[in-house]
Amino acid sequence: IPWSPRRLYAELIPDADRLNRFTSEVMTVAVNEELDRGRPHTEVLAEVEARHPEHAGLIWSYWDRWPETPGEPIAGTVALIDELGVAAVRRYALSNFATSTFERIVDEPRFAVLHRLDGWLLSGEVGVIKPEPEIYALACERFHVEPGDAVFIDDRADNVEAARAFGMSALVFTGAEALRSELAGMGLPVA
């Protein structure tokens, strides 16, 4: 599922330079990582507002309109998830995701694929985020998977490198067709 706060803020801040400044200086990746660690949004956003009171409305719209930040699931990846499921390959999500925001979208029909997974581990539940090694250990423990038996897929190279360092096979996601080819090359049952 593609995600970006810019999806929301581009609508609220149509000027490209202002948008870039806002997302690099106010509502930054670091702010979202604090939410992903499980800190309450009221606490995190209040801290951001204290530093940037002139942007209070935009800051709080992040929570109010958060369900607008994820895009539609990538069709090709949904097909791969389903194909692997038919072949009885277990599929799990390990995501940097605040539980408070996940709960707001998990039952939306457009994200029905989440319920076809065999489980998920959210960083907000456990207080650590990718690429911290602890989260990979927690995922393996929760899902009863040996690291060497897992294939980890992520769109961020730092997360992939951390998974490899932990002992997993790991792939950088660049697109559904490339992923299909890589998985087939590893001997997984995809067409």
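Reading the values: the criteria
- Throughout this description, residue numbers start from 1 for each chain and increase along the sequence as written.
- Reporting of local features is limited, given that this is a predicted model, to residues whose pLDDT is at least 70; pairs of side-chain atoms are given and counted only at 80 or more, and all residues count toward the totals for whole chains, interfaces and linings.
- Side-chain calculation: all heavy atoms of the structure are included, whereas hydrogens and water are not.
- Comment: axis = line fitted to C-alpha atoms, over the contacting stretch for helices; angle = value between 0 and 180 degrees taken between N-to-C directions.
- For helices the rule is a DSSP run of H or I covering at least 4 residues; for strands it is a run of E covering at least 2, with both sets numbered from the N terminus onward.
- Should an angle fall under 35 degrees it is called roughly parallel, over 145 degrees roughly antiparallel, and 65 to 115 degrees roughly perpendicular, with every other angle called oblique.
- Should the near helix be turned anticlockwise from the far one by less than a right angle, the crossing is left-handed, and should it be turned clockwise, the crossing is right-handed.
- Contacts: residue pairs with any heavy atoms within 4.5 Å of one another.
- Each residue is assigned to one of three groups, with Ala, Val, Leu, Ile, Met, Phe, Trp, Tyr, Cys and Pro labelled nonpolar, Asp, Glu, Lys and Arg labelled charged, and all others, Gly among them, labelled polar.
- For this analysis, a salt bridge means a side-chain nitrogen from Lys or Arg found within 4 Å of a carboxyl oxygen belonging to Asp or Glu.
- Three exposure classes are used, based on accessible area relative to the maximum for each residue type with a 1.4 Å probe and protein chains only: buried under 20%, partly exposed in between, and exposed over 50%.
- For this analysis, a nonpolar core means a set of buried residues of the types Ala, Val, Leu, Ile, Met, Phe, Trp, Tyr and Cys, connected via side-chain atoms within 4.5 Å.

**Student:** An account of the packing of helix α1 (residues 5-12) against helix α5 (residues 56-64) is needed here, citing residue identities and associated values.
**Tutor:** Between α1 and α5, the least distance of the axes is 11 Å, while the angle of their chain directions is 135°. Taken together, α1 and α5 sit at an angle that is classed as oblique. α5 is crossed by α1, and the crossing has right-handed handedness. For the pair α1 and α5, the contacting residues are Pro-5, Leu-8, Tyr-9 and Leu-12 in the first and Leu-58, Ile-59, Ser-61 and Tyr-62 in the second. Of the residues contributing to the contact of α1 with α5, the split by class is 7 nonpolar, 1 polar and no charged.

**Student:** Describe in detail the pattern of salt bridges, supporting the description with residues and values.
**Tutor:** Side chains that differ in sign of charge can pair as their charged atoms come close. Enumeration according to the criterion identifies 16 salt bridges in this entry. Here Asp-82 ties to Arg-116 by a salt bridge, and the two come within 2.8 Å at their closest N and O atoms. Residue Asp-82 is located in helix α6 (residues 75-86), and its partner Arg-116 is located in the loop between α7 (99-105) and β2 (119-122); the two are separated by 34 residues in the primary sequence. By relative accessible area, Arg-116 is classed as partly exposed at 36%. Residues Glu-108 and Arg-110 are paired through a salt bridge, measuring 2.8 Å at the closest nitrogen-oxygen approach. We classify Glu-108 as partly exposed; its relative accessible area is 23%. Overlapping salt bridges, with partners in common, bring together Glu-34, Arg-37, Arg-39, Glu-43, Glu-47 and Glu-132 in one network.

**Student:** For the nonpolar core, give the residues involved together with the corresponding values.
**Tutor:** Among the nonpolar cores identified, the biggest contains 26 residues, and Tyr-9, Phe-22, Met-27, Ile-59, Tyr-62 and Leu-114 are the most heavily contacted of them. At the level of secondary structure, the elements contributing two or more residues to this core comprise α2 (16-25), α3 (29-36), α4 (41-51), α5 and α7. Element by element, the count of residues in this core is highest for α5, at 4 residues. With near-sequence residues (within four places) excluded, Ile-59 lies in contact with Tyr-9, Phe-22, Val-26, Met-27, Leu-45, Val-48, Glu-49 and His-52. Judged by nonpolar contacts, the second largest core, of 16 residues, contains Cys-140, Phe-143, Val-145 and Val-160.

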